[in-house]
Amino acid sequence: MQHMPTIVYTHTDEAPALATYSFLPIAKAFVGPCGINLELRDISLSGRILAKFSDRFPEEYRVPDVLAELGELVTQPEANIIKLPNISASIPQLKAAIKELQEHGYDLPEYPEDPATDEERAIKATYDSVKGSAVNPVLREGNSDRRAPKAVKEYARAHPHPMGVWSADSKTRVSTMSSGDFFHNEKSVTMTRDTTARIEHVAADGTVTVLLAELDLLAGEILDGTFMSKRALEVFLKEQIEASLADGVLFSLHMKATMMKVSDPVIFGDAVQVFFAAVFEKYAETIDRLGVDARNGLGDLFLRIETLPGDEQQAIRDDIQAVLDAGPAIAMVDSDRGITNLHVPSDVIIDASMPAMIRTSGQMWNADGQQQDTNAVIPDSSYAGVYEAVIEDCKERGAFDPTTMGSVPNVGLMAQKAEEYGSHNKTFVMDAAGAVRIVAGGGTTLMEHKIETGDIWRACQTKDAPIRDWVKLAVSRARSTGAPAVFWLDTARPHDRQLIEKVETYLQDHDTDGLEFRILAPIEAARYSLERIRRGEDTISVTGNVLRDYLTDLFPILEVGTSAKMLSIVPLMNGGGLFETGAGGSAPKHVQQFMEENHLRWDSLGEFLALAASLEHLADRGGTPYARVLASTLDEATTKYLMNNKSPSRKCGELDNRGSHFYVALYWAEALAQQEIDEELAIRFTKTAKMLSDAEHAIVPGLIDCQGQPLDIGGYYQPDPALAAEAMRPSESLNEVFSGILVALLIDQVATME
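Residues numbered from 1 in each chain as written. Predicted model: local features only at pLDDT ≥ 70, side-chain atom pairs only at ≥ 80, totals over all residues. Heavy atoms only, no water.

(A) Layout of the packing of aromatic side chains. The tally for this structure, following the rule as stated, stands at 17 aromatic pairs. Look at Phe428 and Trp457: their rings are 6.5 Å apart centre to centre, the planes differ by 25°, and that puts the pair in the stacked class. With a gap of 29 residues between them, Phe428 in strand β16 (residues 427-429) and Trp457 in strand β19 (residues 456-462) connect regions that are remote in the sequence. Its relative accessible area of 16% is what places Phe428 among the buried residues. Within the aromatic cluster, the residues linked to one another by ring pairs are Phe23, Phe608 and Tyr641. Seen from the ring of Phe182, Arg458 lies directly overhead, with NZ or CZ sitting 3.7 Å from the centre. Directly above the ring of Tyr663 sits Lys646, whose terminal nitrogen or CZ lies 4.4 Å from the centroid. (Phe/Tyr/Trp six-rings, centres within 6.5 Å; stacked < 30°, edge-to-face > 60°. Helix = DSSP H or I, 4+ residues; strand = E, 2+ residues; numbered from the N terminus. Buried < 20%, exposed > 50% of the residue type's maximum accessible area, 1.4 Å probe, protein only. Lys NZ or Arg CZ within 6 Å of the ring centre and 35° of its normal.)

Structure, rendered in structure tokens:
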């Protein structure tokens, strides 16, 4: 019997996970009878936690390590995975998930923030392997091709999203370090041979402590080392707090504490302690006794003082308020609830927060719920200048016009944990002054940094094979589109100098006649791209891993209003395909509204685009006759869905995610019925289209009428599957239609085989 081709569809977290309960049965009803298996695999935060501690559970409750299994699959040519956004867990989120799973009966240990025994250190290390962006580095065995699909771009031009008005007098700015940060301390080398190195700390008295015993390095890969000076960071933060107060602008900190899960929470914690220095100094003993961790944000302090007697608790609250009253206003995450920019490290993620600020006249929200100019504080200067270039452009020329602006698609270097996003296991906070060095096999010191207590030191690797593949993908996209391709690389940065040499060499391996390539420092590349998009011209950005992340939020949010509508394809290096459903995160606020009002405003457009691309990939590999027709008709359905404005509304009592799924199903069936490539499919789906069309008058009102009441689905991080499915598939009419469709299609398939 011929093996049925399989598309893996990932079960993740929050809004996309809820949407899966509605969309996946629909998708299966279309592709299953056409000989394609759509298999759901759980890589949610709760699933990953349970997998790590599965040996503590009875046999019947044990959970496989699906992420590890998919990590193996992405190295195989048959890999075809649709990856939805997942939680990149901060420590507060991780602890909340643990608590919920314990309440569900799982024997999980507490998260030991200050482990005192070997057992506690092992538990902490296991949990730490789950926190942050633990999924993407495992699955991304290829480089990234992200762009706005034609239908999305056309819709944005016909229905432009609102853009705030900019003033040349705006006080908004980006502030970043001019020395002592990761950028200015970087050293880089390209390996000439394979070796196993070690990372070690050498104290002032000569004592050597091995930080990482084995660091495997391959010939041709780029190795970087750098550090963030705690002393320089704190001076910088104090200066920016004072400058924000003097200029009457909001103080806002923009970090990536989820992806940079070791370094950025430490920097975030330093910012909290510097801003609220008077509180942390006055109550040092109490704060230490309560186990407050500033890396978890101001919210951790508020949470832990709740255990104090009322008068002690109020005294601390009063002193916090006194700091807020005396200092600059802080940008707010939620003005109504008093949640500041410094409350939780995962609340303000730079690649989402900065574009949103730029789109909103360069302003953020203050404590009164009003927009206000802001000092966007980005401590490390490696990429901060990109945002400053956009802000200066808007001050000079005003807001961008979505009806005319061009696009900046991206080719991103990310395979095999490239650059900073692969640095987690090589990042260390220094307990003592001295030096950190990387020593190759044979005793040769590859690089060395003198450090002080509290400095954050890290190393990054970028292997040669992904670089070659990245250049190849850039040439392919330039050839396919005819747009100029710009490598965002800075000769002033040691890592980039190594990379530029390789880019210039590997471009010679390809036919580049008629193509335009440039190598520009990020600020210059941003200015060049901004000039072109204002003229309605497209420019391919070819970037490293972090800028890939930043730019694939920045430009889509300005162009089409959201990064969740991007087509994100990862051609895996061994021939498979990974299809990511946008860059917009997992939308916790959408879940909050859903639980309160039974209205899910999550737009599954990314899932529609990814499924079509996944089916196209199956077709390109051959042996799946219906795949190409399914892909092209789903693209037609998606275009019609956009143009007919069937996207979910933000308002309760209007079409939501579930209703949008119905319309995509209807339009997909109609497109299959009308296509002339495969007569058998046309006949089969003519029946489907009629069933859906006839039931529209009953289904759509029902999906709206059910809204308005709070829901209990049995959990946030691990909802009860039955309750979640019932909530996301509330229309009996629709469920009956799809049951009937599936049965009818299967009968037709059997009849055809006979």
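(B) Geometry of the pattern of salt bridges. All chains considered together, the criterion is met by 50 salt bridges. One salt bridge in this structure joins Arg479 and Asp511, with 3.8 Å as the shortest N-O distance. With Arg479 in helix α16 (residues 464-481) and Asp511 in the loop between α17 (494-506) and β21 (517-520), the pair connects residues that are 32 residues apart, well separated along the chain. Across the salt bridge formed by Arg684 and Glu680, the nearest N and O atoms sit 2.7 Å from each other. Of this pair, Arg684 and Glu680 both sit in helix α24 (residues 679-705), 4 residues apart, which is roughly one turn of the helix. What emerges from the salt-bridge pattern is a single network uniting Asp393, Arg397, Glu531, Arg532, Arg534, Arg535 and Glu537. (Salt bridge = Lys/Arg side-chain N within 4 Å of Asp/Glu carboxyl O.)

(C) A look at the sheet that holds strand β2 (residues 37-42). The strand order across the open sheet built from 10 strands is β2-β1-β3-β24-β23-β4-β15-β22-β20-β21, with neighbouring strands paired in mixed fashion. The sheet is open, and its two edges are formed by β2 and β21, each paired on a single side. Across the sheet, the mean angle separating the axes of adjacent strands is 20° when strand polarity is ignored. With 4 bridges connecting them, strand β3 (residues 80-83) and strand β24 (residues 577-580) associate as parallel partners. Note that in β24 the partner of Lys83 across the bridge is Glu580. (Pairing = 2+ DSSP bridges. Axes fitted to C-alpha atoms, helices over the stretch in contact; angles between N-to-C directions.)

(D) Spatial organisation of the nonpolar core. Core analysis: the biggest nonpolar cluster contains 62 residues, and Phe30, Leu611, Leu615, Leu630, Trp668 and Leu692 have the highest contact counts within it. Per-element tally for this core: the top contributor is helix α21 (residues 605-621), with 10 residues. Leave out the neighbours within four places in its chain, and Phe30 touches Leu630, Ala665, Trp668, Ala669, Leu672, Phe685 and Phe738. Ranked by size, the runner-up nonpolar core spans 40 residues in total, among them Ile358, Val486, Ile533 and Leu547. (Core = buried A, V, L, I, M, F, W, Y, C linked by side-chain atoms within 4.5 Å. Contact = heavy atoms within 4.5 Å.)

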